[in-house]
Amino acid sequence: MAPHMAEWDQKEIFPVETMRKAAQLGFGGIYVQPDVGGSGLSRLDTSVIFEALSTGCVSTTAYISIHNMCAWMIDTFGNNEQRERFCPDLCSMEKFASYCLTEPGSGSDAASLLTSAQRQGDHYILNGTKAFISGGGDTDVYVVMCRTGGKGPKGISCVVVEKGTPGLNFGKKEKKMGWNSQPTRAVIFEDCAVPVSNRLGEEGQGFSIAMKGLNGGRINIASCSLGAAHACVQLARDHLLVRKQFGETLSNNQFLQFKLAEMATKLVASRLLVREAATALQESRSDAVFLCSMAKLFATDECFDICNQALQMHGGYGYLKDYAVQQFVRDIRVHQILEGTNEVMRLIISRNLLSES
């Protein structure tokens, strides 16, 4: 991916064929069960994979991570018919998936979502709009949280909507600061009839399913930040070794030496926390949600700072699109916002701490 990262960003190319090659390596359903085409690997394995892939292209890897989350949700909460119908094509990436929770009026307050699903016979009739949907319009399978009951989280269900369903429409392609190798659009439902057989789990389980997906999603996006930071530490090191000012290379400047040391230390600390959270989630430990929130908060904040410092070390060159460091900065900035803002992560962590008393 690395040789194409800049082109995909500048031309806003969704690299479908490259992702299908990744799927041949097992990266289309990394933690999906093998009986439906998945690789059956652990959350820790997944974290290592996404960190490595992100050194080549954060934006593309982040989409792959969302796709994996959707495939896992169907594999885990779907019945055998649903798993066999959807998962093989998702694992091979013959079809691509999108996660549809956020709405124009409900971001952090996800439980207040308004997209409705009124049951009529053996179908739900969906009406509403989802916002900021990664892959929206270009993907084939939409995992949608919608309201089948009353207010609050217990009124939310999860259904799978396939592209081409009458009443499924899309907004304009958004122009974004980063993440340009994946399209982002609103997903709009206008009297969209979806079979009841496409519902994952029972009515009212949708919010729980969405949150369980996000626990893994938070580790995944933190892992993508690790990859960006790892690449930027290497870019900064290489630049310091060749760039000369005041008659010597920047690598001889003790202030910059210490900055580089701090960057590497923050990267390793972030990596260890993300890996611990991945292990906790894999083992279904009681502190898993707590650690996933900590890992997402700490790693995305620290890794953005690492990339930003690497750009600063490049001076004016770092601001040019000829240099990859600026793209890493642009691509990972959104990691502090999505999969639950870092402010919400602080809320989850503090509530957990205070409830222990």
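The notes below deal with the structure included here. (Residues numbered from 1 in each chain as written. Predicted model: local features only at pLDDT ≥ 70, side-chain atom pairs only at ≥ 80, totals over all residues. Heavy atoms only, no water.)

## Some details on the packing of aromatic side chains
So, step 1. One pass over the structure, following the stated rule, counts seven aromatic pairs.
So, step 2. With centroids separated by 6.2 Å and ring planes inclined at 55 degrees, the aromatic side chains of Y63 and F96 adopt a geometry described as tilted. Of this pair, Y63 sits in helix α4 (residues 58–77) while F96 is found in the loop between α5 (80–91) and β1 (97–100), placing the two residues 33 residues apart along the sequence. The two residues Y63 and F96 agree in class, both being buried.
So, step 3. In textbook terms, an aromatic cluster arises when at least three aromatic residues are bridged by ring pairs, as seen for F14, Y63 and F96.
So, step 4. Across from the ring centre of W72, 4.7 Å away, lies the NZ or CZ of R43, which sits over that ring.
So, step 5. Between the NZ or CZ atom of R333 and the centre of the ring of F304, over which it lies, the distance is 5.7 Å. (Phe/Tyr/Trp six-rings, centres within 6.5 Å; stacked < 30°, edge-to-face > 60°. Helix = DSSP H or I, 4+ residues; strand = E, 2+ residues; numbered from the N terminus. Buried < 20%, exposed > 50% of the residue type's maximum accessible area, 1.4 Å probe, protein only. Lys NZ or Arg CZ within 6 Å of the ring centre and 35° of its normal.)

## Section: the side chain of Q336
So, step 1. Among the secondary structure elements, Q336 is positioned in the loop between α9 (325–333) and α10 (342–355).
So, step 2. Relative accessible area serves as the criterion here: at 13%, Q336 is assigned to the buried category.
So, step 3. Separated by 2.7 Å, the side chains of Q336 and D301 make a polar contact.
So, step 4. The residues contacting Q336, other than those within four sequence positions of it, are K296, T300, D301, F304, T341 and N342. (Polar contact = N/O pair within 3.5 Å; in protein donor to acceptor, adjacent residues only side chain to side chain. Contact = heavy atoms within 4.5 Å.)

## Thoughts on the nonpolar core
So, step 1. Counting residues in each nonpolar core, the largest one holds 90 residues, and the members touching the most others are I74, Y99 and M145.
So, step 2. If one sorts the elements of this core by residue count, helix α6 (residues 206–242) sits on top with 16 residues.
So, step 3. If sequence neighbours within four positions are ignored, M145 has contacts with M73, Y99, C100, L101, L113, T115, K130, I156, S157, C158, G206 and A210.
So, step 4. Ranked by size, the runner-up nonpolar core spans 16 residues in total, among them L126, C146, F189 and C192. (Core = buried A, V, L, I, M, F, W, Y, C linked by side-chain atoms within 4.5 Å.)

## Concerning the state of the cysteines
So, step 1. Going through the model one piece at a time under the given rule, you end up with zero disulfides.
So, step 2. C100 provides the cysteine sulfur closest to C70, a residue in no disulfide bond, and the two sulfurs are 7.5 Å apart.
So, step 3. Just so you know, C232 is unpaired, no disulfide at all, and the nearest cysteine sulfur is the one on C307, 3.5 Å from it. (Disulfide = S-S within 2.5 Å.)

## What to know about unusual backbone geometry
So, step 1. Despite not being glycine, E12 has its phi angle at roughly 55 degrees, a positive value.
So, step 2. The topology assignment puts E12 in the loop between α1 (5–11) and α2 (16–24).
So, step 3. Positive phi outside glycine occurs at F246, with the angle close to 55 degrees.
So, step 4. Within the secondary structure layout, F246 lies in the loop between β9 (244–245) and β10 (248–249).

## Re the pairing of strand β7 (residues 184–195)
So, step 1. Here strand β3 (residues 123–134) runs beside β7; their pairing, made up of nine bridges, is antiparallel. By the bridge assignment, Y124 is partnered in β7 with V194.
So, step 2. Relative to β7, strand β6 (residues 168–170) is paired through three bridges, and the arrangement is antiparallel. Residue F170 lies in a different strand from β7, and its bridge partner there is V187. (Pairing = 2+ DSSP bridges.)

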